[in-house]
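# Overview (structure and organization)
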Amino acid sequence: MPRQLLVIGGDAAGMSAASQARRLLGPDALAITLVERGDTTSYAACGIPYWVAGLVDKRSRLIARRAEVFREKQHIDVRLHHEATAIDTAARTVTVRDLDADAEVTFPYDDLLIATGAQQVPPPVEGLDTPGVSGVQTLGDGQRILDAMASRSPRRAVVVGGGYIGLEMAEAMQLRGLDVTLIDLAPQPMTTLEPELGTQIADAMRTMGIDLRLGTPLTGVEAGADGWVRAVTTPDGTIDADLVVLGTGVRPRSALAEAAGIPVGPSGGIITDDRQATPVDGVWAAGDCAETVHRVSGRPVSFALGTVANKQGRIAGLNLGGAEGRFPGVLGTAVTKVHDLEIARTGLSVREAEAAGLRPVVSRITAGTRAHYYPESSEMTVLLIVEEDTSRLLGGQIVGGPGAGKRIDVLAAALWNGMLVEDLVQMDLAYAPPFSPVWDPVLTAARRAAGSPG
């Protein structure tokens, strides 16, 4: 009788874990059942804004591997439209609702992997279920927005939230020819960045023609006579809207686990060790629903990033398949853009460093992305956060034109290895005029942080 592995969630972490375990153990040794409440497995949610923008021509391009491929080639019993509703860790069973048949099914398990992802944190207002209001979490959300554009010919869009998704959707709406207003309760877009860079981003977005309303909470949604959204309300007045896109933040989807007595940590994610095992025997967790450790601060964190979810899923799959894998933590490295403005960060912000009991100092430089004499060089700002007493790099942030954003990977590599800024100065980075000044801006920023006179 093969061991029974039950996986809840069929996107990045769940499918990565199931696939990795299957590579190690055949169906005679391990039977894998996966339940997914949606209609798709292994899709790129991060690509939805670019699909909506028209840069990706069809939905199918965002799907890495369909359910039937997992069933036929990897012998994974994928059950779509099946939603897990309760976990009994004593009996080692999961109650699942078959959404198509409207019936309950009970699945036994020897090992259970929870990969339920993250859920949007909606604004605390009424009217979010009004037709024409949509989040951007699933392919179905993207399809609803595209269908609305095709059927309603909207002219005005309101994007709620100034984080990664908010900025990407503001760009998508503009590329579709809509007038865009972005509202955010925070005083700056991209609150994970230092305020000076947030101001720089805000100025650039206004120059792009985005009507940016900061420090402005959403207080309501108004429908027209036909029931479709016609406006949103704020303390400063009403903003007309033919479409409303919710780009607000997310939190770990951990309620199912918590209700079963599986411990949840201070980040809201399911507590796991570096093998992705929870404190409950036979229960594992990976992806956006799981808590991990920040490599710089040492504090528990949860990051809703596809890179993290795929890696954690692989580690869980290795251990479930009888091999050995350890997940070493995260830095929170992320990058996005709005039109030509690239935005990236890694490690700790000043606020996060101070909360961890560290003494951060900030160093910043502005430089060109290419040699000054080479055509189409863009300005970029590099901001380094450094520990005052040791000169250890704690974090980095970059805002600039084309070619700026992916330089964050150099800072992420330095952080991963606990480098001092003096070490970073000596890194042997590639140089040619089309790509960089002879002193790359990352190295120039490190020189400044190290106190170099020139």
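For the structure itself, look to the data block above.
This write-up is about the structure you can find in this document.

What counts as what
- Residues numbered from 1 in each chain as written.
- Predicted model: local features only at pLDDT ≥ 70, side-chain atom pairs only at ≥ 80, totals over all residues.
- Heavy atoms only, no water.
- Helix = DSSP H or I, 4+ residues; strand = E, 2+ residues; numbered from the N terminus.
- Polar contact = N/O pair within 3.5 Å; in protein donor to acceptor, adjacent residues only side chain to side chain.
- Contact = heavy atoms within 4.5 Å.
- Salt bridge = Lys/Arg side-chain N within 4 Å of Asp/Glu carboxyl O.
- Buried < 20%, exposed > 50% of the residue type's maximum accessible area, 1.4 Å probe, protein only.
- Expected span 1.5 Å × (residues − 1).
- Patch = residues over 30% accessible without salt bridge, like charges linked within 9 Å, V, L, I, M, F, W, Y side chains within 5 Å.
- Areas by Shrake-Rupley, 256 points an atom, 1.4 Å probe, with all protein chains shown as cover.
- Lys, Arg positive; Asp, Glu negative; His and termini not counted.
- Charge placed at Lys NZ, Arg CZ, Asp CG, Glu CD.
- Phe/Tyr/Trp six-rings, centres within 6.5 Å; stacked < 30°, edge-to-face > 60°.
- Lys NZ or Arg CZ within 6 Å of the ring centre and 35° of its normal.
- Pairing = 2+ DSSP bridges.

## Description of the side chain of Glu387
Along the chain, Glu387 falls in strand E24 (residues 379-387). At 2.7 Å, the side chain of Glu387 and the side chain of Thr390 are in polar contact. Sequence-distant contacts of Glu387, that is, excluding residues within four places in its chain, are made with Leu358, Arg359, Arg392 and Leu394.

## Describing the pattern of salt bridges
Evaluated as defined, the whole model comprises 24 salt bridges. We note a salt bridge from Asp240 to Arg156, for which the minimum N-O separation is 3.7 Å. You can see Asp240 sitting in strand E15 (residues 237-240) and its partner Arg156 sitting in strand E10 (residues 156-160), a full 84 residues away along the chain. Owing to a relative accessible area of 25%, Arg156 belongs among the partly exposed residues under this scheme. Residues participating in the shared-partner salt-bridge network are Arg97, Asp102 and Glu104.

## Section: helix H5 (residues 164-175)
Taking 1.5 Å as the rise per residue, H5 with 12 residues should run 16 Å; its terminal C-alpha atoms sit 17 Å apart, in good agreement. In terms of burial, H5 is a largely internal element, 9 of the 12 residues being buried. Gly177 occupies a position one or two residues after H5 and carries a positive phi of about 90 degrees.

## What to know about a positive patch on the surface
Among the surface-exposed residues, Arg23, Arg65, Lys73 and Arg314 lie close enough to one another that they form a single positively charged patch. Relative to the assigned elements, Arg23 resides in helix H1 (residues 12-24). Classification of Arg23 as exposed rests on a relative accessible area of 56%.

## Structural notes on the environment of Trp416
Relative to the helices and strands, Trp416 is located in helix H10 (residues 408-416). We classify Trp416 as partly exposed; its relative accessible area is 35%. Separated by 121 residues in sequence, Trp416 and Arg295 have C-alpha atoms that sit 7.4 Å apart. Leaving out residues up to four positions away in the same chain, Trp416 has contacts with Arg295, Pro328, Gly329 and Leu331.

## Topic: H1
In this model, H1 (13 residues) spans 19 Å end to end at C-alpha, consistent with the 18 Å of a helix rising 1.5 Å per residue. Among the 13 residues in H1, 10 count as buried, and that is most of the element. Along H1, the residues that are buried comprise Ala13, Gly14, Met15, Ser16, Ala17, Ala18, Ser19, Gln20, Ala21 and Arg22. Where the residues of H1 are buried, they touch strand E1 (3-8), strand E2 (30-36), helix H3 (67-74), strand E3 (76-80), strand E7 (111-114) and helix H8 (306-320).

## Here's the deal with a nonpolar patch on the surface
Together, Tyr373, Tyr374, Tyr431, Val438 and Trp439 make up an exposed nonpolar region whose accessible area comes to about 540 Å². Residue position: Val438 is located in the loop between helix H11 (421-425) and helix H12 (441-449).

## Topic: the side chain of Asp111
Note that Asp111 resides in strand E7. Accessibility expressed as a relative area gives 12% for Asp111, which makes it buried.

## Comments concerning the packing of aromatic side chains
Enumeration over the complete set of coordinates arrives at 0 aromatic pairs. The ring centre of Trp416 lies 3.7 Å from the NZ or CZ of Arg295, which sits over that ring.

## Thoughts on the pairing of strand E25 (residues 393-400)
Most of E25 sits out of view: 8 of its 8 residues are buried. Examined bridge by bridge, strand E22 (residues 341-347) and E25 share 6 bridges and lie antiparallel to one another. Within E25, the position partnered with Thr346 by the bridge is Gly396. In this sheet, E25 lies alongside E24 in antiparallel orientation, the contact comprising 7 bridges. When the sheet's bridge partners are listed, Thr381 is paired in E25 with Val399. Connecting E24 to the antiparallel partner E25 that follows it, the hairpin turn spans 5 residues, and Ser391 within it adopts a positive phi of roughly 65 degrees.

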